Amino acid sequence: MVKLTEYEQRMLNGEMGEFKQKALQFIVKYAEVLGANELCKISRATVFIGAQHYLDSLSTDNYDEIFSKFYLNSEKEIKVGEFAKDCICQTCAAPCDINDYETVHLSKEFFEKNKRFMEITKEAGVSIVNSCTPYYVGWLPLKGEHFVTTESSNVVMSNSLFGACGNADGIEAAVCAAICGRTPLWGYHVKENRYGTVVFNIKCPSESVYDWDIIGYTMGRLLPPHGKPIINGNFEIPNINKLRQCFSSLSTTSGAEICHVVGFTPEARTLEDALGGKKPIEVIDITYKDYEESVKMICDEGSGDIDLVSIGCPHLALDEIKEIAMYLKGKKIKENVELWIWTDYAIQAMADFNGYTDIIKESGAKLLNSSCPIVMREESHKHSKGMVMNGAKQAHGIKSQTKVPVYFGDIFKCIDAAIKGRWEA
Ligand code: F3S
């Protein structure tokens, strides 16, 4: 039996409307299934809503009907109401750029539908941000703050780097939590569950964003089920972009939701601190051999012609866009090759103002916002004969949407491939 506060009970009784009542019913059932005895208040949420392709299965364009069935688990159509006022709620990655659908081969009809869904989302009190790296534009939960998010890399970032508390909930659970402002007090919302259990000693390169992407991918594939990783050893101190990359690939090859970095993240001042005074269940060295094995798993073999390069999984920070612009200055992307560079539209506006967008455009590449090939799905990339990606998560995930070769490399190797129209092993 889940113990509710008086406020929660009133919401469950329907005093705050049917929209909130249905959302809370979902959360209470979710808590019962998990075995949570009470709920906790959330102060931040990112939700994966809009005209996302997973909704196509419902074969209707009526957003109230879609919302009721898919998110609220209700056959009865309930008008989309207001999300929790005291929870800062915004959208995660979207199925299309907010301005440009032609570059990414999507139809005007789909673009308009997404725009219509976004308008309803805005009216419900959810800010349209369309970012899978929301911490770059102000969505920054602090230590002890409770959040929900549908972006797996953001779960690990927020739990580990910021010391905030959240679980890798499903899309519906996160949406319902953001509507009623409550989530089950369970999992990583509880201090005792946050200690690390598996220690990784880093004995491979750890200088670049690319290295950290491979470290994350490797940790994930070597992590025992339900293990909670701790990064230890002689690694180069990472910055936020490196950890973003590491945590996105870690959450691709494993179900990890937290990852302590000894001497760096707030709950890992020391190894003992990260382990909560217990012994690790396993200690694993990540060697150069493991690193190379991961590269082979992510990147298809050999060299080959390519026509689509996508950089920015997860969405890039302004400093990376600047670096890309400086690298592209005076260069030209090969004819019939597309180079897409992904960020959110707030950072894109900063790139515009600083002149980076013009330099990128001059080279024949495109700075795009809000989405990525995986989220836009096959329609956006089905014309491609060979693809190049800079993110292990994207390179790994896109293989379920395509049969063409997919190559993986650091940002500059990806750009070189776009200039030559060819991936050189
Ligand atoms: Fe973001 Fe798409 Fe990668 S949503 S994390 S760029 S798969």
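Residues numbered from 1 in each chain as written. Predicted model: local features only at pLDDT ≥ 70, side-chain atom pairs only at ≥ 80, totals over all residues. Heavy atoms only, no water.

**Examining the pairing of strand S7 (residues 229-233)**
Note the following rule: Burial classification: accessible surface area is computed with a 1.4 Å probe over protein chains only, and a residue below 20% of its type maximum counts as buried, one above 50% as exposed, and the rest as partly exposed. Secondary structure follows DSSP: runs of H or I at least 4 residues long count as helices, runs of E at least 2 residues long count as strands, and numbering of each begins at the N terminus. With its strands directed away from the observer, a crossover is right-handed exactly when the path from the first strand over the helix to the second travels clockwise. When DSSP finds two or more bridges between a pair of strands, those strands are recorded as paired.
A large share of S7 lies buried, amounting to four of its five residues. Assessed by its sense of winding, the connection that carries the chain from strand S6 (residues 198-203) through helix H7 (residues 209-222) to S7 is right-handed. As judged from the two bridges shared by S7 and strand S8 (residues 260-261), these two strands associate in the parallel manner. Residue pairing across strands places Ile 231 opposite Val 261, the latter belonging to S8.

**Section: the nonpolar core**
As a reminder of what qualifies: The criterion is simple. A nonpolar core is a set of buried Ala, Val, Leu, Ile, Met, Phe, Trp, Tyr and Cys residues joined through side-chain atoms within 4.5 Å. Contacts between residues were defined by any pair of non-hydrogen atoms, one from each residue, lying within 4.5 Å.
If you look at the biggest cluster of nonpolar residues, it comprises 115 residues, and the most contacted ones within it are Phe 67, Phe 83, Ile 311, Leu 339 and Ile 341. Looking at this core, the element that brings in the most residues is helix H6 (residues 171-180), giving seven residues. Sequence-distant contacts of Phe 83, that is, excluding residues within four places in its chain, are made with Phe 19, Lys 20, Ile 49, Phe 67, Cys 89, Ala 124, Val 126, Val 175, Ala 178 and Ile 179.

**Things to note about helix H8 (residues 240-253)**
Formally: A helix is expected to span 1.5 Å multiplied by its residue count minus one. Two N or O atoms count as a polar contact when they lie within 3.5 Å, although within protein this holds only if one can serve as hydrogen donor and the other as acceptor, and sequence-adjacent residues are included solely when both atoms are side-chain atoms.
Taking 1.5 Å per residue as the helical rise, H8 with its 14 residues ought to reach 20 Å, and the 20 Å between its terminal C-alpha atoms agrees with that figure. Within H8, 11 of the 14 residues are buried, leaving the element largely enclosed by the surrounding structure. Within H8 the residues assigned to the buried category are Asn 241, Lys 242, Leu 243, Arg 244, Gln 245, Cys 246, Phe 247, Ser 248, Ser 249, Leu 250 and Ser 251. In the core, the buried residues of H8 are packed alongside helix H5 (152-160), H7, S7, S8, helix H11 (318-328) and helix H16 (392-397). Its side-chain oxygen placed 3.1 Å from the backbone nitrogen of Asn 241, Asn 239 serves as the N-cap of H8.

**Things to note about the packing of aromatic side chains**
Note the threshold: Within 6.5 Å between ring centres, the rings of Phe, Tyr and Trp (the latter by its six-membered ring) count as paired, and their orientation is classed by plane angle as stacked under 30 degrees, edge-to-face over 60, tilted in between. Our definition puts a charge over a ring when NZ of Lys or CZ of Arg is within 6 Å of the ring centre and also within 35 degrees of the ring normal.
All told, the structure shown has 19 aromatic pairs when counted by the stated rule. An aromatic cluster of three or more residues is present, and its members are Phe 19, Phe 48, Tyr 54, Tyr 63, Phe 67, Phe 70, Tyr 71, Phe 83 and Phe 117. Of note, Lys 331 hangs over the ring of Tyr 327, and the distance from its end group to the ring centre comes to 3.7 Å.

**Regarding the site of the ligand**
Put simply, the test is: Here, proximity means that at least one heavy atom of the residue falls within 4 Å of the molecule or strand. Just so you know, the domain bounds were taken from an automatic or database domain assignment.
Taken together, the neighbourhood of the ligand is formed by Ala 93, Cys 132, Glu 151, Gly 312, Cys 313, Pro 314, Cys 372, Val 375, Lys 393 and Gln 394. Two domains each donate at least three residues to the shell around the ligand, and these are domain 1 (6-191) and domain 3 (299-423).

**Quick look at the domain arrangement of the protein chain**
To be explicit about the condition: Two parts placed together each lose some accessible area under a 1.4 Å probe, and the buried area is that loss summed for both. Should a side-chain nitrogen of Lys or Arg be within 4 Å of a carboxyl oxygen of Asp or Glu, the pair is scored as a salt bridge. Under the convention adopted here, Pro, Cys and the residues Ala, Val, Leu, Ile, Met, Phe, Trp and Tyr are nonpolar, Asp, Glu, Lys and Arg are charged, and Gly plus all remaining residues are polar.
Here the protein chain is partitioned into domain 1 (6-191), domain 2 (195-297) and domain 3 (299-423). Computed over C-alpha atoms only, the centres of domain 1 and domain 3 are separated by 28 Å. Roughly 1900 Å² is buried in total at the junction of domain 1 and domain 3, and carbon and sulfur atoms are behind 60% of that figure. Here domain 1 is connected to domain 3 by two salt bridges. Its salt-bridge partner being Lys 393, residue Glu 151 comes within 3.0 Å of it at the nearest N-O pair. There are 12 residue pairs in polar contact (both at pLDDT 80 or more) connecting domain 1 and domain 3. Residues belonging to the side of domain 1 that touches domain 3 are distributed by class as follows: 13 nonpolar, 10 polar and three charged.

**Description of H5**
Burial analysis of H5 places eight of its nine residues in the buried class, which makes it a mostly covered element. Along H5, the residues that are buried comprise Ser 153, Asn 154, Val 155, Val 156, Met 157, Ser 158, Asn 159 and Ser 160. Those residues of H5 hidden inside the fold are in contact with strand S2 (44-47), strand S4 (147-149) and H8.

**Regarding the packing of H5 against H8**
What counts is decided by this rule: Only C-alpha atoms enter the line fits that serve as axes; for helices the fit covers just the stretch in contact. Angles between N-to-C directions range over 0 to 180 degrees. Any angle from 65 to 115 degrees is called roughly perpendicular, while one under 35 is roughly parallel, one over 145 is roughly antiparallel, and all others are oblique. By the definition used in this description, the sense in which the near helix is turned from the far one sets the handedness, with an anticlockwise turn below a right angle giving left-handed and a clockwise turn giving right-handed.
At their nearest, the axes of H5 and H8 sit 8 Å apart, and the two run at 125° to each other. Comparing the axis directions of H5 and H8 gives the class oblique. Seen from above, H5 lies across H8 with right-handed handedness. Residues Ser 152, Ser 153, Val 156, Met 157 and Ser 160 of H5 touch H8, and the partners they reach there are Ile 240, Leu 243, Arg 244, Phe 247, Ser 248, Leu 250 and Ser 251.

**Things to note about the sheet that holds S2**
With respect to topology, three strands assemble into an open sheet ordered S3-S2-S4, the strand pairing being parallel. Looking along the sheet, the strands with just one partner apiece sit at the ends: strand S3 (88-91) and S4. In this sheet, neighbouring strand axes are inclined to one another by 10° on average, regardless of whether the strands run parallel or antiparallel. Pairing geometry for S2 and S4, over three bridges, is parallel.

**Thoughts on the sheet that holds strand S11 (residues 308-311)**
With parallel pairing, five strands are arranged side by side in an open sheet as S13-S12-S11-S14-S15. The sheet terminates laterally at strand S13 (366-369) and strand S15 (406-408), the two strands that pair on one side only. Strand after strand, the sheet turns through a mean of 25° between neighbouring axes, direction not considered. Relative to S15, strand S14 (residues 387-389) runs parallel, the two being bridged by three bridges. Its bridge partner lying in S15, Val 388 is registered against Tyr 407. Here helix H12 (residues 345-353) sits on the sheet in contact with strand S12 (338-343) and S13, set at roughly 145° to S13.

**Considerations on unusual backbone geometry**
Cis rather than trans, the peptide bond between Cys 313 and Pro 314 has omega equal to -10°. Residues other than glycine seldom take positive phi values, yet Asn 73 does so here, at roughly 60°. With respect to the element layout, Asn 73 can be found in the loop between helix H3 (63-71) and S3. A residue is classified by how much of its surface remains accessible, and Asn 73, at 55% relative accessible area, is exposed. The phi dihedral of Asn 336 is positive, around 65°, even though this residue is not glycine. Looking at the element boundaries, Asn 336 is found in the loop between H11 and S12. Its relative accessible area of 69% is what places Asn 336 among the exposed residues.

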